[in-house]
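Understanding the architecture of this molecule
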Amino acid sequence: MNKIGVCSWILGIEDPHKLMEKVKLLNLDGIQFSGDWRNYDAKEIRAAADHFEIEIFAIDPYNCAPPILEEANKSSAIEFYKKMIDFAVETDVPVVTLQGLAQWTINCPNAEESWSMLVECCKTLDAYAQLKKVKLAYECVNRYESTMIHTVSKGLDLINAVGHNNFRLILDSFHMHIEESDPIQAIKEASDFMFSYQISDSNRSGIGRGQVDFVNHHAVLEELNFEGTIMIEVVLPELVPNTTPQTPSQLERLDEEIRRSARVWRNLKEN
């Protein structure tokens, strides 16, 4: 059975101990640690995860925009993400996500230069990650949240350009609903390169609140013998697209939506 986790940013909890405790209470296996690594101590995160027996599936630099937009370039991007890879090593986490790299191409004069910079950055970071025994993953994100790599097809183009199987893709049901004409076919095309599948309905809510066909998504992942992680990344309707809970009532509702989505996904397995 696939391990089920949560993208930590949706919980709005910064304290590592409280974060891992929450994930344990939600009866999940682990997290994709989504935060600004510069604000954390790696040993503290690892200790909290071990204490609550929570697996950290990946380090996701969710807050990863260049600190000074005018100074964003290839060398500064590589330096930033090398430090992220080092942080993953310190935290003993096997995967780092790179989708935020697109933000560092902001000063490129055109799409061709942006693509070239992205590829060169990924090649350098891939080589560095291999030496550190860390894998890389790139999430296909919709056009309203990222300027590049919106579809599985483009994600596979990036993998081919990098030219190494240390590189993987993250697919998200919400983003696929926007970008893919046939999400099921997209999942099949990505099957050899999938690191994780993220649960988020077409309106960013939990399973069954929108229009994503989770029954068929689940079935094709079963058919492909997908062994990666299933990550829940849901947001309350009034907080879409990316605001975390602000009140006790919202916290309680989000907890229930996470539990319900995990329960539905696990029950699909049994049917």
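Structure: above.
Being a predicted model, the structure only gives us computed values, none of them experimental.

Rules used throughout
- Residues numbered from 1 in each chain as written.
- Predicted model: local features only at pLDDT ≥ 70, side-chain atom pairs only at ≥ 80, totals over all residues.
- Heavy atoms only, no water.
- Helix = DSSP H or I, 4+ residues; strand = E, 2+ residues; numbered from the N terminus.
- Rg over C-alpha atoms; globule rule 2.2 N^0.38 Å.
- Contact = heavy atoms within 4.5 Å.
- Areas by Shrake-Rupley, 256 points an atom, 1.4 Å probe, with all protein chains shown as cover.
- Lys, Arg positive; Asp, Glu negative; His and termini not counted.
- Charge placed at Lys NZ, Arg CZ, Asp CG, Glu CD.
- Buried < 20%, exposed > 50% of the residue type's maximum accessible area, 1.4 Å probe, protein only.
- Phe/Tyr/Trp six-rings, centres within 6.5 Å; stacked < 30°, edge-to-face > 60°.
- Pairing = 2+ DSSP bridges.
- Right-handed = clockwise from strand over helix to strand, strands pointing away.

Observations concerning the overall build of the protein chain
Counting secondary structure elements, the protein chain contains 9 helices and 8 strands. Here the C-alpha atoms of the protein chain give a radius of gyration of 18 Å, agreeing with the 18 Å that 2.2 N^0.38 yields for 271 residues. Considered along the principal axes of its C-alpha atoms, the protein chain spans approximately 45 × 40 × 35 Å. The contacts in the protein chain between residues at least 6 apart in sequence include a share of 77% that link residues at least 24 apart. Of the roughly 12,400 Å² of accessible surface on the protein chain, a fraction of 47% belongs to carbon and sulfur atoms. Mean positive and mean negative side-chain charge positions of the protein chain (26 and 42 charges, respectively) differ by 3 Å.

Quick look at the environment of A127
Mapped onto the fold, A127 is located in helix 4 (residues 111-132). In this structure A127 comes out as partly exposed when scored by relative accessible area, which is 38%. Taking the C-alpha atoms as reference points, A127 and I13, separated by 114 residues in sequence, lie 33 Å from one another.

Concerning the packing of aromatic side chains
A complete count under the given rule lists 7 aromatic pairs for this structure. Pairing W9 with Y62 gives two aromatic rings, centres 4.8 Å apart and planes at 10 degrees, and the pair type is stacked. Placement of the pair is W9 in the loop between strand 1 (4-7) and helix 1 (16-25) and Y62 in the loop between strand 3 (55-60) and helix 3 (74-91), with a sequence separation of 53 residues. Under the relative-accessibility criterion, W9 is labelled buried at 7%. Residue Y62 is classed as partly exposed on the basis of its relative accessible area of 31%.

A short note on the environment of P94
The residue P94 is located in the loop between helix 3 and strand 4 (95-97) in this model. The exposure class assigned to P94 is partly exposed, which follows from its relative accessible area of 44%. Note: C-alpha distance between P94 and A129 (35 residues apart in sequence) is 9.8 Å. When near neighbours in sequence (up to four residues on either side) are disregarded, P94 contacts I56, F57, V134 and K135.

Overview of the pairing of strand 3
For strand 3, the buried fraction is high: 5 of the 6 residues fall into the buried class. In this structure, strand 2 (residues 30-34) lies alongside strand 3, joined through 5 bridges in parallel fashion. Note that in strand 3 the partner of G30 across the bridge is E55. In terms of handedness, the path from strand 2 via helix 2 (residues 42-51) over to strand 3 forms a crossover that is right-handed.

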